[in-house]
Amino acid sequence: THTHTHTHIVCTDKQRQTVCIHMHTYTHLVFLCDRADGDIPEVVSFNNRFLYYYYGLLRMCCIRSEAFAQRLALHTNTDFAFKQFLPNSPVYPDVSEELFALLEVFTGRRGSNSPEAIESAKQFRKHIIPLILRDVDGQSWAVWIKLFGTLLQSTDDVMTFVAHDGLTTVTEAFGMLQQMYHEATACNVATELLEVLVTVARLLKVVRHFEQIKPQETRAALEKWAKRMQLAHWLLNFLNPSTVDKIREVCLDILFHLVHLFPSDCVDTLLPVLEHTHRTVKPSGYKVLSGTFFPKKQRSRSVVSSHLGSRRMCELHMHLLPSLLEVEKGVDQDYDTALFNYFTPYHQFAFELIRVALTRCSEVQETAVNLSALLALEGACIHLKVAAEFWTQVISSKDKKLLPAFELFRQLPTAREYCETVLFTYRKSLSDVAIHSVVSRVFQKIHIKVLPSSRWQEFAETLVAAIVAERCSIEGQKVEIQMSTAQQLIGDLHALCMILSTGSHDLREFQPGVIDSLVDSLSFLSSLCCRVETKLKELRQHSVEVVTCSGSSEEKVDSAVNSSSKGTLDVVSKKRSEHRQGHRECSDGCNELLSPTKKARLEVETHVNGNSKDSDDAVSEDTVPCQDDQQPGREPAASVDLLWIEKIDDADEQKWLLGWTTSLMKVTDAIMKLVQ
């Protein structure tokens, strides 16, 4: 012992430039062995005093000699050392640290980078992974956290790990950590828990890739993982506002992988849990559950270590109710973004589970559809469109398996409540294409229940009054049109178009002057769109001249715009001449502006309607401006100062403004045809 201690100290002396160990030492060091009776106190003391220096010498020899490292890696004493001391790291802390360092040399983390050394390290990892999995169980989670990065260096290593039931070992390690996390508030294991979760996510990502290449081998390896649904239940318990953001995000990532790898198991196990959790929440009188990491206004995100000692939930709690919000959407942009980032990943996971349930398991269709309606209703208060996008995709797919599910969705009381909530409280969200598409289809089915005859006239006149007020707000603005105002206007117009399109009421029921005010406002808005598009065209022409763009993209834009159908402003001009004397009609040149044709359709950016098109689909260079633009003194929208448009140099802002005007033109055209 004293000899090895002295040799170790000499070899690690930083003041010496060169250390030479005799070849005889290289040859015989490997044959030294430790005493195996680890339960005897004298043996433990001996091993702790002797083996730290012994393995330190071996490590330095391996770094110095590649041949020695390759020989030692395959020696039976090496396997015995890892088997004996790694599971007992708390008893042999210093010895274990040297073994971990030695393992890094053997696996290629440290030492030579020659092709022979790389191949040797690859073969060693293939040999040592099954051995360690057999001897080190999941309860030694601290050991595995150190081993993950050392052993799993390639996809082949991951598949070797999975093939020898490594996922069960990782699940056991996670089970120990999650129990400590939830029950021992004085023990902060959040960092270790996150490391294990990240490893699990990485393993499943590789497995999903290999399932496409070697499906039979991969499936055989996955079938050994008996505790997969136990892991899924544990992961659901972390989906609540008392969980650190990063941990919650990785849990959702793992759940996504599980849904794709084990679709039937996840539908049978997780879908009822989610549906029951959201169905039992009562918005009225609901007690708000506080959580450290629920989005709050002007609150900096806490780091993982700050979670020490706080009370943690151990349940699924991702409810989104108006009573939980500090302010309404649109008041604080940062707060809106925080809410969006908090709830969107969960809703995406839930609807992926719903999609799998509807396509694979017809017996749970009702549960899946009911969950989708509950999530749509909860997301209405922050204009969350995950549910709407899901059902829009179902409608467009024309899948015979999925279309009956949408019919079932439209008949649910929860879907009716969702439609009422959007129509009466959150009309601004109708500016989103997907939300408008789904709500309008639901409204067509149940419009008599949503808006009975006794309320129809009052609500319609309320919408007209709101549109007139928003028109006046825009007309009086001397600065740029605010996004909130633009969204509210589009939403109110869509709502009005929806209730008018049912055809169940006569427009003569309106109070005198209501139709005149509506047509006057629509005429103003159409003319404003004409002017805004002309300004955007001039701005684009100027940008093209500055950057000397090629003419190919311009020809593409010209083709898209010139193919638009005529008639949008003709309807407006006709009604304007009937209800407002003294105003001239727009010239035929206005007919060449954007119209509802599919080819020229441009969608608003994600924050307006979620489906923006390429920036090349802009206003044509050859678009003929309205005569009203040439003589602004006689044009209804001439009082609006549009000089602020010239200051817009951001392409995204230009696309948003163009998308807004396009949507406004389309809905205005639709309402004018209904008013005729």
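This text goes with the structure placed above it.
All residue numbers refer to positions counted from 1 along the written sequence of the respective chain. Totals for whole chains, interfaces and linings use every residue, but because this is a predicted model, local features are given only for residues with pLDDT of at least 70 and side-chain atom pairs only at 80 or more, for both listing and counting. Only hydrogens and water are set aside when side-chain values are computed; all heavy atoms of the structure are taken into account.

### A few points about the packing of helix α15 (residues 263–279) against helix α16 (residues 333–360)
Where α15 meets α16, the closest approach of the two axes is 10 Å, and the angle between their N-to-C directions is 125 degrees. Relative to α16, the element α15 is oriented oblique. When you trace α15 past α16, the crossing you get is left-handed. Residue-level contacts link Pro263, Cys266, Val267, Leu270, Leu271, Leu274 and His278 of α15 to Tyr346, Phe349, Ala350, Leu353, Ile354, Val356, Ala357 and Arg360 of α16. Here the residues of the contact of α15 with α16 are counted per class, giving 13 nonpolar, one polar and one charged. Axes here mean lines fitted to C-alpha atoms, for a helix over just the part in contact, with angles spanning 0 to 180 degrees between N-to-C directions. What counts as a helix is a DSSP run of H or I of at least four residues, what counts as a strand is a run of E of at least two, and both are numbered from the N terminus. What sets the label is the angle itself: under 35 degrees gives roughly parallel, over 145 gives roughly antiparallel, 65 to 115 gives roughly perpendicular, and the rest give oblique. Here a crossing is taken to be left-handed if its near helix is turned anticlockwise relative to the far helix by less than a right angle, and right-handed if that turn runs clockwise. Contact definition: two residues touch when any of their heavy atoms are within 4.5 Å. Side-chain classes follow a simple rule in which Ala, Val, Leu, Ile, Met, Phe, Trp, Tyr, Cys and Pro form the nonpolar group, Asp, Glu, Lys and Arg form the charged group, and the remainder, Gly included, forms the polar group.

### Digging into α16
Because each turn of an α-helix spans 3.6 residues, side chains separated by three or four positions in sequence point in the same direction. Take the residue count of a helix, subtract one, and multiply by 1.5 Å to get its expected span. A rise of 1.5 Å per residue sets the reference length of α16, with its 28 residues, at 40 Å; its end C-alpha atoms lie 40 Å apart and thus fit the reference within 8%. At Phe343, α16 shows its largest kink, close to 30 degrees, and the proline Pro345 lies no more than four residues downstream. Counting of polar contacts relies on pairs of N or O atoms within 3.5 Å, with two restrictions inside protein: one atom must be capable of donating a hydrogen and the other of accepting it, and residues adjacent in sequence are counted only when both atoms are side-chain atoms. Where α16 begins, one side-chain oxygen reaches toward the backbone nitrogen of Asp334, 3.0 Å away; that side chain belongs to Asp332. Bend angle per residue: angle between axes fitted to the 7 residues ending at that residue and the 7 residues starting there.

### Brief notes about unusual backbone geometry
Most peptide bonds take the trans configuration, and most residues that are not glycine carry a negative phi. Phi is positive for Asp165, close to 65 degrees, though the residue is something other than glycine. Along the polypeptide, Asp165 turns up in the loop between α9 (155–163) and α10 (166–183). Look at His383: it is not a glycine, yet its phi comes out positive at around 60 degrees. Along the polypeptide, His383 turns up in the loop between α17 (365–379) and α18 (386–397). To sort residues, take the accessible area from a 1.4 Å probe on protein chains only and compare it with the maximum for the residue type: under 20% means buried, over 50% means exposed, and anything in between is partly exposed. Classification of His383 as buried rests on a relative accessible area of 17%.

### A short note on the pattern of salt bridges
Salt bridge criterion: a side-chain nitrogen from Lys or Arg within 4 Å of a carboxyl oxygen from Asp or Glu. With the rule as written, the count across this model stands at 17 salt bridges. Put simply, Glu172 and Lys227 hold a salt bridge, and the shortest N to O gap is 3.5 Å. Residue Glu172 is located in helix α10, and its partner Lys227 is located in the loop between α12 (215–222) and α13 (228–236); the two are separated by 55 residues in the primary sequence. Residue Lys227 is classed as partly exposed on the basis of its relative accessible area, which comes to 36%. Between Arg248 and Asp245 there is a salt bridge, with its nearest N and O atoms 2.8 Å apart. One end of the pair is Arg248 and the other is Asp245, both in helix α14 (residues 245–261) and three residues apart, which spans about a single turn. Given the relative accessible area of 4%, Arg248 is considered buried. Here the residues in one salt-bridge network are Glu211, Arg219 and Glu223, joined through shared partners.

### Brief notes about the nonpolar core
Counting 192 residues, the largest nonpolar core has Tyr55, Leu255, Leu258, Trp391, Ile499 and Ile671 as the members making the most contacts within it. With 13 residues, the top contributor of residues to this core is α16. Each nonpolar core is a collection of buried residues, namely Ala, Val, Leu, Ile, Met, Phe, Trp, Tyr and Cys, held together in the definition by side-chain atoms within 4.5 Å.

### Brief notes about the packing of helix α19 (residues 403–411) against helix α21 (residues 433–450)
Following both chains from N to C, one finds α19 and α21 inclined at 65 degrees, their axes separated by 9 Å at the closest point. Taken together, the axis directions place α19 and α21 in an arrangement best described as roughly perpendicular. Remark: the crossing between α19 and α21 carries right-handed chirality. Along the contact surface, α19 presents Phe406, Glu407, Phe409, Arg410 and Gln411, while α21 presents Val438, Arg441, Val442, Lys445 and Ile446. Here the contact of α19 with α21 is built from residues that sort into five nonpolar, one polar and four charged.

### Here we look at the packing of aromatic side chains
Two numbers describe a pair of aromatic rings. These are the distance of the centres and the angle of the planes. A pair of aromatic rings is counted whenever rings of Phe, Tyr or Trp (Trp by its six-membered ring) have centres within 6.5 Å, and the orientation is called stacked for planes under 30 degrees apart, edge-to-face for over 60 and tilted otherwise. The tally for this structure, following the rule as stated, stands at 24 aromatic pairs. Relative to Trp391, the ring of Phe390 lies with its centre 5.0 Å away and its plane at 75 degrees, an arrangement referred to as edge-to-face. Trp391 shares its class with Phe390; the two are buried. These aromatic residues form a ring-pair network of at least three members: Phe46, Phe50, Tyr54, Tyr55, Phe85 and Tyr92. Lying over the aromatic face of Phe424, Arg455 brings its terminal NZ or CZ to 4.5 Å of the ring centre. Note on criteria: charge over ring means Lys NZ or Arg CZ within 6 Å of the ring centre, with the direction from the centre no more than 35 degrees off the ring normal.

### Digging into helix α7 (residues 115–135)
Its 21 residues place the ends of α7 30 Å apart at the C-alpha level, agreeing with the 30 Å of an ideal helix rising 1.5 Å per residue. The largest bend in α7 is about 25 degrees, located at Ile128, with the proline Pro130 one to four residues further on. Residues of α7 that are buried in the fold lie against α4 (66–73), α5 (76–85), α6 (93–106), α8 (141–151), α9 and α10.

### A look at the environment of Trp225
Note that Trp225 resides in the loop between α12 and α13. Trp225 sits 59 residues away from Gly166 along the chain, and the two C-alpha atoms are 8.4 Å apart. Excluding residues within four positions of it along the chain, Trp225 makes contact with Asp165, Leu167, Thr168, Thr171, Leu204, Leu231, Leu258 and Phe262.

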